[in-house]
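# Summary of the model geometry
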Amino acid sequence: MFKFGPNLIPETQIFYKSTYCFGLVNLKPIVAGHVLVVSKRLVTRFNDLTAEEAVDMMLSTKKISAIIEKQYQGSSLTFAMQDGPEAGQTVPHVHMHIIPRRKGDYANNDDIYEDLDQRNKHKKGPDNEERTPRSAAEMKEEADFLRVFFNNDE
Ligand code: AMW
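Residues numbered from 1 in each chain as written. Predicted model: local features only at pLDDT ≥ 70, side-chain atom pairs only at ≥ 80, totals over all residues. Heavy atoms only, no water.

### Digging into the nonpolar core
In terms of nonpolar packing, the biggest core is built from 21 residues, with Phe15, Val35, Val37, Ile64, Ile68 and Leu146 touching the most fellow members. Secondary structure elements with two or more residues in this core: strand E3 (14-17), strand E4 (21-25), strand E5 (35-39), helix H1 (51-71), strand E7 (95-101) and helix H3 (136-147). If we ignore the near neighbours within four places in the chain, the residues touching Ile64 are Phe15, Tyr16, Gly23, Val35, Val37, Ile98 and Phe150. Grouped together as the second largest cluster of nonpolar side chains are 9 residues, Phe2, Ile14, Phe22 and Val38 included. (Core = buried A, V, L, I, M, F, W, Y, C linked by side-chain atoms within 4.5 Å. Buried < 20%, exposed > 50% of the residue type's maximum accessible area, 1.4 Å probe, protein only. Helix = DSSP H or I, 4+ residues; strand = E, 2+ residues; numbered from the N terminus. Contact = heavy atoms within 4.5 Å.)

And the structure:
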C-alpha cells in the first residue's frame, strides 16, 4: 500500500514499481491509457525529490511511456507535471502524467491541458468535470493488463 497524497492506493491499482517510484492507473483518466508515475515518498514538489529519486522518476517515465504508447496505439505522448497548486496540482504529491496521443484526439491539440486542469470550468475537451471516478474493479483490470509488461520485484 502506497500513499498518493491523502489517498491510500491498493496494490491492485499499481502496475509498476521501481526503487523510488510506482506506476498508478488513473481514477479519472482523460483518455484511455492516461497513467501516473508517483514517488514512493510522499513529497509535494518535484524539487523535494532527491537526485536519485528524480532520476528514477524520469527513467520510470521513459519505460512506462514506451509501453503506454504501444499498448494504447498512440503515435505521440503528452508528459505533464503540475508542480504546485498554482500550476494546477490537485493531489499534493509529486507525480508525472503520461498520456498517449493520437492524430485527431483533440481538435485543438493544447486543449488537453484544459482537461488536465480539473478546476477549469471553461473546458473545451471531452468531459473534464463530468468525468466520474472509475470503479476499483475497472482500475484493477487495467493495472493487471499493464503489470505484465514490467519486471516488478520491489
Ligand atoms: W494533478 O491535478 O494533481 O496534476 O493530477 C491528479 C491526478 O490524479 C488526476 O489525473 C486524477 O484523476 C488522479 N487521481 C486522483 N485521485 C486518485 C486516486 N485515488 N487514484 C488514482 N488516480 C487519482
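There's plenty left to go through after this.
### Brief notes about unusual backbone geometry
A positive phi angle, near 55°, is found at Gln73, a position not held by glycine. Tracing the backbone through its elements, the reader meets Gln73 in the loop between H1 and strand E6 (76-80).

### Quick look at the site of the ligand
The immediate surroundings of the ligand are formed by 19 residues, with Asn26, Thr90, Val91, His95 and His97 found nearest. A distance of 3.0 Å separates an oxygen atom of the ligand from a polar atom in the side chain of Gln82. In this structure, an oxygen atom belonging to the ligand sits 3.1 Å away from a main-chain N or O atom of Gly88. At the level of secondary structure, the elements contributing two or more residues to the shell around the ligand comprise strand E2 (7-9), E4 and E7. Residue classes in the shell around the ligand are distributed as 8 nonpolar, 10 polar and 1 charged. (Near = heavy atom within 4 Å. Polar contact = N/O pair within 3.5 Å; in protein donor to acceptor, adjacent residues only side chain to side chain. Nonpolar A, V, L, I, M, F, W, Y, C, P; charged D, E, K, R; others polar.)

### Details of the packing of aromatic side chains
Applying the stated rule across the entire model yields 5 aromatic pairs. Note on Phe15 and Phe150: the rings are 5.8 Å apart at their centroids and 40° apart in plane angle, and the pair reads as tilted. In this pair, Phe15 is assigned in strand E3 and Phe150 in the segment after H3, connecting sequence segments 135 residues apart. A single burial state applies to Phe15 and to Phe150, both of which are buried. Summarising the aromatic geometry, the rings of Tyr16 and Phe150 are spaced 5.2 Å apart at their centres and angled 80° between planes, so their arrangement reads as edge-to-face. With Tyr16 in strand E3 and Phe150 in the segment after H3, the pair connects residues that are 134 residues apart, well separated along the chain. No difference in accessibility class separates Tyr16 from Phe150, as the two residues are buried. One aromatic cluster in this structure is built from Phe15, Tyr16 and Phe150. (Phe/Tyr/Trp six-rings, centres within 6.5 Å; stacked < 30°, edge-to-face > 60°.)

### Comments concerning the sheet that holds E6
Taken in spatial order, the 5 strands of this open sheet run E3-E4-E5-E7-E6, and their pairing is antiparallel. The two strands at the open ends of the sheet, each matched to only one other strand, are E3 and E6. Across this sheet, the average inter-strand angle for adjacent strands is 20°, counted without regard to direction. The pairing of E6 with E7 spans 5 bridges and is antiparallel. Within E7, the position partnered with Leu77 by the bridge is Pro100. (Pairing = 2+ DSSP bridges. Axes fitted to C-alpha atoms, helices over the stretch in contact; angles between N-to-C directions.)

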